[in-house]
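Each chain, written out:
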Amino acid sequence: MTGNRMRPVNRDEALELLGSVPYGRIVFTERALPAVRPVNHIVDGGDVIVRTHMGAAILRAIGQVVAYEADLVSANPRLLWSVVVIGVAEVEEDIEAVARYERLVRPMVDLPMDHVIRIRPQLVTGQVLDAEPAGDLPSTA
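What comes next is a walk through the structure. Here the structure is a predicted model, which means the values were calculated and not measured. (Residues numbered from 1 in each chain as written. Predicted model: local features only at pLDDT ≥ 70, side-chain atom pairs only at ≥ 80, totals over all residues. Heavy atoms only, no water.)

Another point: the pairing of strand β6 (residues 65-73). Relative to β6, strand β2 (residues 23-30) is paired through three bridges, and the arrangement is antiparallel. Note that in β6 the partner of Ile26 across the bridge is Tyr68. Examined bridge by bridge, β6 and strand β7 (residues 79-91) share nine bridges and lie antiparallel to one another. Directly across from Ala70, in β7, lies its bridge partner Val83. Adjacent in sequence and paired antiparallel, β6 and β7 are bridged by five residues. (Pairing = 2+ DSSP bridges. Helix = DSSP H or I, 4+ residues; strand = E, 2+ residues; numbered from the N terminus.)

With that settled, the discussion passes to a nonpolar patch on the surface. Together, Tyr23, Met108, Val109 and Leu111 line one region of the surface with nonpolar side chains, adding up to about 360 Å² of accessible area. As for its placement among the helices and strands, Leu111 is situated in the loop between α2 (95-104) and β8 (115-131). Judged by its relative accessible area of 41%, Leu111 falls in the partly exposed class. (Patch = residues over 30% accessible without salt bridge, like charges linked within 9 Å, V, L, I, M, F, W, Y side chains within 5 Å. Areas by Shrake-Rupley, 256 points an atom, 1.4 Å probe, with all protein chains shown as cover. Salt bridge = Lys/Arg side-chain N within 4 Å of Asp/Glu carboxyl O. Buried < 20%, exposed > 50% of the residue type's maximum accessible area, 1.4 Å probe, protein only.)

As a further point, take the pattern of salt bridges. Across all of its chains, the model carries 11 salt bridges by this definition. Asp47 is the partner of Arg118 in a salt bridge, and the nearest nitrogen-oxygen pair spans 2.8 Å. Of this pair, Arg118 sits in strand β8 while Asp47 sits in strand β5 (residues 47-52); the two residues are 71 residues apart in sequence, bridging distant segments of the chain. Taken as a pair, Arg118 and Asp47 share a single burial class, namely buried. Here Asp47 ties to Arg120 by a salt bridge, and the two come within 3.2 Å at their closest N and O atoms. In this pair, Asp47 sits in strand β5 while Arg120 sits in strand β8, placing the two residues 73 residues apart along the sequence. By relative accessible area, which is 9% here, Asp47 ends up buried. Arg120 sits in the partly exposed class, given a relative accessible area of 40%. One network of salt bridges, with partners in common, ties together Asp47, Glu90, Glu92, Arg118 and Arg120.

Below you can see the structure in the form of structure tokens.
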């Protein structure tokens, strides 16, 4: 028995964890079926910001509820934390904000990223691995 447990975190801690990694997965509905796409992101003012290209499937999810998930897995491998954000996907139209996000969110593919998508979280959940100190584990002697 390892003594490791996942424990829930509050909204602020979950968003901080999400902001600590550059990649995640956006989950949306495509042709009445679940679709998942890996994307890079930033967290800005509590919102998840992603950039995408013309013709991307996620553009059809604008105005719909989407999920965004990111996590961190250690080398051994072990899930260290996981965060899920649920909210409505919106196209960012503020010119100054778009210019700022074009500088901050670097695409992971070599395509022109024409659109900035903002997910305003309505529900944020997160869990972290909460390892008990070694002294609390049963002795094997």
